[in-house]
Amino acid sequence: MPSFRTGVVTAILAERAGLQKVLVDGEKAYVLTQLIGTVAAGDRVVINTTAVDLGLGTGGWHFVHWNLERDSWSEPGPGTEMKLRYTSLQVDVGAAAATGGLDGRPVVACALHSQVAGVAVAFARCAPGRGLVYVMTDSAALALAVSDVVADLRRTGSLTATVTCGQAFGGDFEAVSVPSALQAAATLGGADAVVVGPGPGVVGTGSEYGFGGVEVASVVDVAAKLGGRPILAVRYSDADGRERHRGVSHHTTTALALAGSDPLVAVPRGGVFDGLEGVEVDVPADLDFGAVTTMGRGPSDDPGFFVWAAAAGVLAAQLLA
C-alpha cells in the first residue's frame, strides 16, 4: 500500500521543464510540475514516501503528490488523449498523429535506461550532424522529466528529440503505442535513427521473463515490421555481483529468444557474445559518457557496460554511411 505524509518545502534545489527538485523537511523530493504545478519554499505539501520507505532504488527521492497551499490548479493539455489513465493524476497530453514506415532507419532497442547514454554518445561521435530521437516506453519511470540522462543528452545535442509512448509522458511528442512512437520519431522528430528504451527505474524479479527489458523483443519486431533496421543493444557487465548479469546478461539472450525477427547485435571488437552471431564494431576509446550510472556504477566502475551499449550506437551510425 502507498505511504503519504505532509511536510514543508524547505528548499528548491533545481528546476527544469516538467520537474522541480526540492527538499521537504530536509529530505529530497521530486515535483512533477506537469501534473501538480510548481511549489515554493515554505509551501506545505503532501508527499508519497513509498519507494524510499521500502528502500527501493529510486535514489532516495520522495514525490510531491499535492501542494496544500492551493485549493485548485489547472493547466489544459493539447488534446483529449489521457495518460496515467484512471488515476488521480491522469493528464491530458494529446497524441501525435503520424503515419508511414521507417524507410530503413536504424532502431536501437535498449533494456536499461542507462544504455541510452552509451548509444547516444557513440552515435553523435560517429554520425555528426545526424539526428537521433529517443522513444521512452512505459516499462519503468513514466515521467520523462525525471531523467537527468535525457536532460544532459538534449543539452549536448546527442539527442535531437524525444517521444513518450504508452502511459509514459513528457516527451516532445506523445504517442499511444511503440509503433506510433516510431512513426512520430521518423516523420515528426526528424530522426535519422531511433533509440528505444525504458525510463529510469526498471523492474526485475529475477525470474526468466519477469523484467521490464523483455519488451526489447517486441520493439525489434515492430521496428522490422515498419521497415526499420533493428539493432539490439547488449546488456553486459564485468562488475555486476549477480551471476545472471555478468558478461552478456540473460536479459539480452532471453529477449533475443523471444523475438520473431533477427535484429543486428552490436559487439565491440574483441567481445564475445556467448557463441551467437553479432556484428563486430570499433568503439572509440575516448567517449565521454558523463555522470551516468548503471545500478550505481559509473563508466570507470563498469566500463564494459558502457562500451557494449556504445557499440549499438556505432553500428547505427555505420548503417547510415
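Here we summarise the structure given alongside this text. Since the structure is predicted, the reported quantities are computational estimates derived from the model, not experimental observations. In every chain, residue numbers begin from 1 and rise along the written sequence. Totals for whole chains, interfaces and linings use all residues, but because this is a predicted model, local features are given only for residues with pLDDT of at least 70 and pairs of side-chain atoms are given and counted only at 80 or more. Computation of side-chain values: all heavy atoms of the structure, hydrogens and water removed.

A short note on the sheet that holds strand 2 (residues 19–24)
Note: two strands are recorded as paired if DSSP finds a minimum of 2 bridges between them. Under the scheme used here, helices are H or I runs from DSSP no shorter than 4 residues and strands are E runs no shorter than 2 residues, and both carry numbers assigned from the N terminus. Sheet architecture is closed into a barrel: five strands sit in the order 1-2-3-5-4, paired in mixed fashion. Between one strand axis and the next, the sheet turns by 55° as a mean value, whatever way the strands run. Angular values range over 0 to 180 degrees, each being the angle between N-to-C directions of two axes fitted as lines to C-alpha atoms, with helices fitted over their stretch in contact.

Section: helix 5 (residues 178–187)
Exposure categories follow from relative accessible area, calculated using a 1.4 Å probe and restricted to protein chains: below 20% of the type maximum is buried, above 50% is exposed, and the middle band is partly exposed. Among the ten residues in helix 5, eight count as buried, and that is most of the element. Listing the buried residues of helix 5 in full gives Val178, Ser180, Ala181, Leu182, Gln183, Ala184, Ala185 and Ala186. Whether two residues are in contact is decided by their heavy atoms: any pair within 4.5 Å suffices. The inward-facing, buried residues of helix 5 abut strand 8 (106–109), strand 9 (132–136), strand 10 (161–165), strand 11 (173–175), strand 12 (193–197) and helix 6 (216–225).

With respect to the state of the cysteines
Disulfide: a pair of cysteine sulfur atoms within 2.5 Å of each other. Tallying each qualifying case throughout the model produces zero disulfides. Here Cys110 is not disulfide-linked; the sulfur of Cys165 is the nearest cysteine sulfur, at 13 Å. What makes Cys110 buried here is its relative accessible area of 2%. Unpaired in terms of disulfides, Cys126 finds its nearest cysteine sulfur in Cys110, a separation of 15 Å.

What about the environment of Gln115?
Along the chain, the position of Gln115 falls in helix 3 (residues 113–126). Taking C-alpha positions, Gln115 is 18 Å from Gly278, a pair spaced 163 residues apart along the chain. Setting aside residues no more than four positions away along its own chain, Gln115 makes contact with Cys110, Ala233, Val234, Arg235, Phe305 and Ala309. A distance of 3.0 Å separates a polar atom in the side chain of Gln115 from the backbone nitrogen of Leu112. Counting of polar contacts relies on pairs of N or O atoms within 3.5 Å, with two restrictions inside protein: one atom must be capable of donating a hydrogen and the other of accepting it, and residues adjacent in sequence are counted only when both atoms are side-chain atoms.

With respect to the packing of aromatic side chains
Under the pairing criterion, centres of Phe, Tyr and Trp rings, with the six-membered ring standing for Trp, must be within 6.5 Å; the plane angle then separates stacked pairs below 30 degrees from edge-to-face pairs above 60, leaving the rest tilted. A full pass over the atoms with the stated rule returns five aromatic pairs. Ring geometry for Tyr236 and Trp308: centres 4.6 Å apart, planes at 5°, overall stacked. You can see Tyr236 sitting in strand 14 (residues 236–237) and its partner Trp308 sitting in helix 8 (residues 303–320), a full 72 residues away along the chain. The structure contains a cluster of three or more aromatic residues connected by ring pairs, namely Tyr30, Trp61 and Phe63.

Here's the deal with the environment of Thr293
Position of Thr293 among the secondary structure elements: in the loop between strand 17 (279–281) and helix 8. Residue class for Thr293 comes out partly exposed when judged on its relative accessible area of 42%. Linking Thr293 and Phe306, residues 13 residues apart in sequence, is a C-alpha distance of 9.4 Å. Excluding residues within four positions of it along the chain, Thr293 makes contact with Ser114, Gly298 and Phe306.

Thoughts on the sheet that holds strand 16 (residues 264–268)
Strand order across the open sheet formed by eight strands is 11-10-9-12-8-13-16-17, with parallel pairing between neighbours. The open sheet is flanked by strand 11 and strand 17, the only strands paired with a single partner. Averaged over all pairs of adjacent strands, the angle between strand axes in this sheet comes to 30°, irrespective of strand direction.

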